[in-house]
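Each chain is listed here by its residues.
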Amino acid sequence: MNVLDVALWGGLATLVLTGTMFAAQGLGWSRMSLPFLLGAGFTMDRQRATLIGLAVHLLSGWAFAAVYALAFESLGRAAWWMGVLGGAVHVGIVLTVGMGVIASLHPNMATPEHGPTTTRWLQPPGFLALNYGRRTPLVALVAHLLYGGILGASYHPVHARAAGALERSPTVHVFELSREGGARRWALVCETGEEVVEQVRGFADRAGVQSARFTALGAFRTATLAYFDWERKEYRDIPVEEQVEVTSLIGDVGVDEDGVAVHAHAVLGRHDGSALTGHLVRGTVRPTLELFLDEGAGTLHRRPDPETGLTLLRP
């Protein structure tokens, strides 16, 4: 859980919710004041009740923000509309279940069965808090939608932060170019010092990509290519210890028993115009590499092949 975002945005969202309710009360749209209801459980003095209630309401706002955060973490992402949906569920529970039991739990609130007394002097809210005005459900709905929307728009799940780490890296930049249905397209721009295979693997893992193809061009300061020796059933490394142009780099992303699997081949141009080519084991960028990755709709599975010892694409 991103505790900093819960503290910051949970507090702000609670203040907006509270301010909305106070504004509606001042305009005569509703008589409900959540801080006052909460504070009146501790004291019968109205001014002190409001102050105490504000503190309790802020704490409860942070607590609910933590619940929202757990939901966002479980989904691996957050968005304003997700927060709004959460706000709708939140206010639905408050106006039905919450308002239904508060009279029996509140020490200074009358109950539907027993009228007000010297100690139980608060009017119960009733179903949907309608006892506090016909517009109260609408006011509460708007306030909680704002609360959830602020959290959804501002909260950064820990998983999403990891997925976006490349975007904030000083040497790798990620741009989402399109999103159609379940498929996405990105441009990854690597700069000096980045190892491209590891970057693609890490990005695909954190972004949840299970099938994709990619192409790239740019330059490496060093690289390791490989040739598969059919007789020995093993790769033979081809070290490249010089600056080369990446004239072609193509590959795919799939999933094997260890997680994300990247398979790539490259053609590397030398200073004299000759070329080296083969399976790309690693490539260290200098000065840049521009890679375009297109996500597929399904999952590409790589499974061990008994004949070759390789993990090959299989249904």
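Let me begin by describing the structure that accompanies this report.

Conventions adopted
- Residues numbered from 1 in each chain as written.
- Predicted model: local features only at pLDDT ≥ 70, side-chain atom pairs only at ≥ 80, totals over all residues.
- Heavy atoms only, no water.
- Helix = DSSP H or I, 4+ residues; strand = E, 2+ residues; numbered from the N terminus.
- Rg over C-alpha atoms; globule rule 2.2 N^0.38 Å.
- Buried < 20%, exposed > 50% of the residue type's maximum accessible area, 1.4 Å probe, protein only.
- Contact = heavy atoms within 4.5 Å.
- Areas by Shrake-Rupley, 256 points an atom, 1.4 Å probe, with all protein chains shown as cover.
- Phe/Tyr/Trp six-rings, centres within 6.5 Å; stacked < 30°, edge-to-face > 60°.
- Lys NZ or Arg CZ within 6 Å of the ring centre and 35° of its normal.

### Topic: the overall build of the chain
- The number of helices and strands found in the chain is eight helices and nine strands.
- Relative to the globule expectation of 20 Å for 315 residues, the C-alpha radius of gyration of the chain, 29 Å, shows a markedly less compact shape.
- When the backbone C-alpha atoms are referred to their principal axes, the chain occupies close to 95 × 40 × 30 Å.
- Per-residue burial over the chain gives 42% buried out of 315 residues.
- For the chain, restricting intrachain contacts to residue pairs at least 6 apart in sequence, the fraction spanning at least 24 positions comes to 63%.
- Total accessible area computed for the chain in this model is approximately 16,700 Å², and 61% of it derives from carbon and sulfur atoms.

### So, the packing of aromatic side chains
- Across all of its chains, the model carries six aromatic pairs by this definition.
- The interplanar angle of 70° and the centroid separation of 5.2 Å between the aromatic rings of phenylalanine 228 and tyrosine 235 together place this pair among those described as edge-to-face.
- In textbook terms, an aromatic cluster arises when at least three aromatic residues are bridged by ring pairs, as seen for Tyr68, Phe72, Tyr147 and Tyr155.
- Seen from the ring of tryptophan 230, lysine 233 lies directly overhead, with NZ or CZ sitting 4.2 Å from the centre.

### Comments concerning the side chain of histidine 279
- Inspection of the secondary structure assignment puts histidine 279 in strand β7 (residues 275-295).
- In contact with histidine 279, other than residues within four places in its own chain, are Thr224, Leu225, Ala226, Tyr235, His263, Ala264 and His265.

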